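Next come the chains, spelled out residue by residue.
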Amino acid sequence: MNINTRLLHDYPVVDPHTGAASIPKYQTSTFNQECVFDGQEYTYTRFKNPTVHALDEGLKMLADAKYALSFASGMAAISTSLMLLEKGDHIILPIEVYGGTYQFTCQILTHYGIEVSYIDMADLQNVERAIKDNTRMIYIETPSNPLLKITDIKCVVNIAQHHDILTIADNTFMTTLYQNPLHLGVDISVESLTKFINGHSDVTGGFIATNNEDIYNRLCLLQKNFGGILGVEEAWLVLRGMKTMGIRMERSVKNAQAIAEFLDCHPNVQKVYYPGLVSHRDFEIHQGQASSGGAVLSFELKSKKAVDKVTKALQIPIIAVSLGGVESIVSYPCTMSHACLSPEERLSQGVTDNLLRLSCGIEDTEDLLQDFDQALRQL
Ligand SMILES: Cc1ncc(COP(=O)(O)O)c(C=O)c1O
């Protein structure tokens, strides 16, 4: 079966108890027990719920993994996975790691005696150099946010395996439809469900996938006790959103490619960052590990004033934090995703005041192109 068929049929999409063609919302916190001496599958929703379990089965299929576990947000999935670390351990992360992961690691993990290093992972020598005797985890995020820098996943995995270090990858930007970290040897894949998988900007969620039973069992224990489970309503919405993920993403990627090419030739655009462009510095590496350029791109205008004019002139995209919705979303990293960094830190990462990020939705390509054309003509 191919992916669009699998997203509709290749996991329990029919309710085993009633035959309902849409898994019902088992909106209950607890379950009646026939006999207090016998165990039963469902006892308490924080431990296991049929709607959430159906989603976990779907996510397992999507990630082609032995185990998958959904969480209340992408950050719940990420922070819970990072709690696999113990006092005295050391973790290496990319300097451009997602802001929430950055805050969690530098402001919270360090309080538990965990050492943290941030490096430019595009240069693999930096990975080797950062490894210490107590390094237990290497964290990958590719493409990076917002400059779409690429990390060679297989090369990082090879280095990590050589030193017996666990790898974890945030795969939110590409999703497993286009890039599967587990296939590339990564131990734990994490993704925000808030973005492309649910895809309708109406749910917050996250998930982890792994093929390692021991890691899965430890994550289940952490989840059960931290309590960051996905709600029943949200699980149901993600189950629905996931069914159309393949065709939604196909259109979004097509739009991103067309807009990136359009912006790349535009005289009012200084620079375009999109790994689907042949001119991207790491086009070859990205093509080797992913099957599309994805639906997110960034571009730099010539001034802050131009940013103001263009964001006000655009008619179709919403201007907002987030990505991965059916509607196109323009974000301004400076005051949004990267607001917690100082101007100097932002600049050192290449996030200038003139940078905009675009997450392409599923609108008609022609309409989006016309909208960007008219907005850029205002300059
Ligand atoms: C790359 C990446 N990882 C993780 C997250 C966190 O996801 P959530 O907002 O669902 O917690 C985000 C959110 O924007 C993200 O962009």
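Only a predicted model underlies this, so the values are computations on that prediction, with no experimental measurement involved.

The rules we used
Residues numbered from 1 in each chain as written. Predicted model: local features only at pLDDT ≥ 70, side-chain atom pairs only at ≥ 80, totals over all residues. Heavy atoms only, no water. Salt bridge = Lys/Arg side-chain N within 4 Å of Asp/Glu carboxyl O. Helix = DSSP H or I, 4+ residues; strand = E, 2+ residues; numbered from the N terminus. Buried < 20%, exposed > 50% of the residue type's maximum accessible area, 1.4 Å probe, protein only. Phe/Tyr/Trp six-rings, centres within 6.5 Å; stacked < 30°, edge-to-face > 60°. Lys NZ or Arg CZ within 6 Å of the ring centre and 35° of its normal.

S.K.: Sorry, what's going on with the pattern of salt bridges here?
M.R.: Any two side chains of opposite charge can pair, given that their charged atoms come close. Counted according to the given criterion, the structure contains 13 salt bridges. As a salt-bridge pair, arginine 136 and aspartate 89 come within 3.6 Å of each other at their nearest N and O atoms. Note that arginine 136 is positioned in strand β4 (residues 135-141) and aspartate 89 in the loop between α3 (74-82) and β2 (90-94), a separation of 47 residues in sequence. Taking relative accessible area as the criterion, aspartate 89 reaches 11% and is therefore assigned buried. Here lysine 312 and aspartate 308 are joined by a salt bridge, their closest N and O atoms 3.0 Å apart. With lysine 312 and aspartate 308 both in helix α12 (residues 304-313) and four residues apart, this pair spans about one turn of that helix. The exposure class assigned to lysine 312 is exposed, which follows from its relative accessible area of 62%. Residue aspartate 308 is classed as partly exposed on the basis of its relative accessible area of 38%. A cluster of three or more residues bridged by salt bridges with shared partners is formed by Glu96, Asp120 and Lys149.

S.K.: Would you explain the packing of aromatic side chains in this entry?
M.R.: What describes a pair of aromatic rings is the distance from one ring centre to the other and the angle between the planes of the rings. Tallied over the entire structure, the rule returns five aromatic pairs. Seen in terms of ring centroids, tyrosine 102 and tyrosine 118 are 4.8 Å apart; in terms of plane orientation they differ by 55°. Their pairing is tilted. In this pair, tyrosine 102 is assigned in helix α4 (residues 99-108) and tyrosine 118 in strand β3 (residues 115-119), connecting sequence segments 16 residues apart. On the basis of relative accessibility, which here comes to 22%, the residue tyrosine 118 falls in the partly exposed class. Here lysine 25 stacks its cationic end above the ring of tryptophan 236, 4.4 Å away from the centre of that ring. The lysine or arginine in question, lysine 271, covers the ring of tyrosine 273, its NZ or CZ lying 5.1 Å from the ring centre.

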